[in-house]
Amino acid sequence: QVQLVESGGGVVQAGGSLRLSCATSGRTFSRYTMGWFRQGPGKEREFVAAISRNGDTSMYSDSVKGRFTISRENAESTVYLKMNNLKTEDKAVYYCAARFSDGISSSSPEYPYWGQGTQVTVSS
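The structure contained in this document is the topic of the report that follows. None of the values given here were measured: they were computed from a predicted structure. (Residues numbered from 1 in each chain as written. Predicted model: local features only at pLDDT ≥ 70, side-chain atom pairs only at ≥ 80, totals over all residues. Heavy atoms only, no water.)

1. Re the pattern of salt bridges
With the rule as written, the count across this model stands at 5 salt bridges. Across the pair R38 and E46 runs a salt bridge, and its minimum N-O distance is 2.6 Å. Look at E46 and you get partly exposed, because its relative accessible area is 34%. For D62, the salt bridge goes to K65, with nearest N and O atoms at 3.4 Å. Of the two residues, D62 and K65, both sit in the exposed class. It is possible to trace a salt-bridge network through shared partners that takes in R38, E46, R67 and D90. (Salt bridge = Lys/Arg side-chain N within 4 Å of Asp/Glu carboxyl O. Buried < 20%, exposed > 50% of the residue type's maximum accessible area, 1.4 Å probe, protein only.)

Next up, the structure:
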């Protein structure tokens, strides 16, 4: 079992940056692949980014590729999402998710553990 707590959301102008953090409990963080998902107003939850256990492999949705960077610090049991050049369409609640597997995935049903989410609002 792992508990996830996101932080770092807020209000930012278009073109600005934010860094989200997801702190986890437990001593086995390095055994989980981690993902970030988001749900915008009136939209389905969608994949944003994922990172492998040791951080050497990552994947991104096409909509954020080149603007967002996922990273992790296993010693701190924390995963990050650095978001640059934010657009109004990035407005959403961002969720951190964990998967006890050595393969990264963009499929939300494959992640059994979720945080409560953090709101990101991008103003024009």
